[in-house]
Amino acid sequence: MDHRNPPGNIAPHIPAADWQRAQATGQPVVIVVSDTHPAGIPWRRLLVPFAIAGAVVAGCWGLVACLCLLLDAAAQTATVIAGAAGPIGVGGITLKVFSKK
């Protein structure tokens, strides 16, 4: 990860011994800063969150597809069992769920 100074930071840290020696002798302190970061949009910084979001979306769609498949299999199983069982009766009331032709 790139090291970035917080906004408003003009110079990097100056060691205390160098600062005190410069104060005692009156020497100026020279700070050289080289900017090695290329100008433009940091694509990697933008690409990683979009890749993670895409993986999450694909996983959610896969989960929904599996859930639909399981519910479809359960409904077909219930239909086959109900068709094989014949009419359903409870306490003298008979309900014919599926009629055989």
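Residues numbered from 1 in each chain as written. Predicted model: local features only at pLDDT ≥ 70, side-chain atom pairs only at ≥ 80, totals over all residues. Heavy atoms only, no water.

*Asks:* Sorry, what's going on with the overall build of the chain here?
*Replies:* Helix and strand content of the chain: 2 helices and 2 strands. Secondary structure of the chain in N-to-C order comes out as α-α-β-β. (Helix = DSSP H or I, 4+ residues; strand = E, 2+ residues; numbered from the N terminus.)

*Asks:* I keep staring at helix α1 (residues 16-25) and nothing clicks. Help me out?
*Replies:* Counting along an α-helix, one turn takes 3.6 residues, and residues three or four places apart therefore face a common direction. Summarising burial for α1: 1 of the 10 residues are buried, a small minority. One or two positions beyond α1, positive phi appears at G26, with a value near 85°. (Buried < 20%, exposed > 50% of the residue type's maximum accessible area, 1.4 Å probe, protein only.)

*Asks:* Help me out: how do you make sense of a nonpolar patch on the surface in this one?
*Replies:* Together, I41, W43, L46 and F50 give the surface a local cluster of nonpolar side chains, amounting to about 500 Å² of exposed area. Structurally, F50 can be placed in helix α2 (residues 43-85). Residue classification places F50 among the exposed positions, given a relative accessible area of 64%. (Patch = residues over 30% accessible without salt bridge, like charges linked within 9 Å, V, L, I, M, F, W, Y side chains within 5 Å. Areas by Shrake-Rupley, 256 points an atom, 1.4 Å probe, with all protein chains shown as cover. Salt bridge = Lys/Arg side-chain N within 4 Å of Asp/Glu carboxyl O.)

*Asks:* How should the confidence of the model for the chain be read in this particular structure?
*Replies:* Per-residue confidence for the chain averages 79 on the pLDDT scale, and 67% of its residues sit at or above 70. Confidence, read as mean pLDDT per element, is least for strand β1 (residues 88-90) in the chain (68) and greatest for α2 (91). (pLDDT = per-residue confidence, 0-100.)

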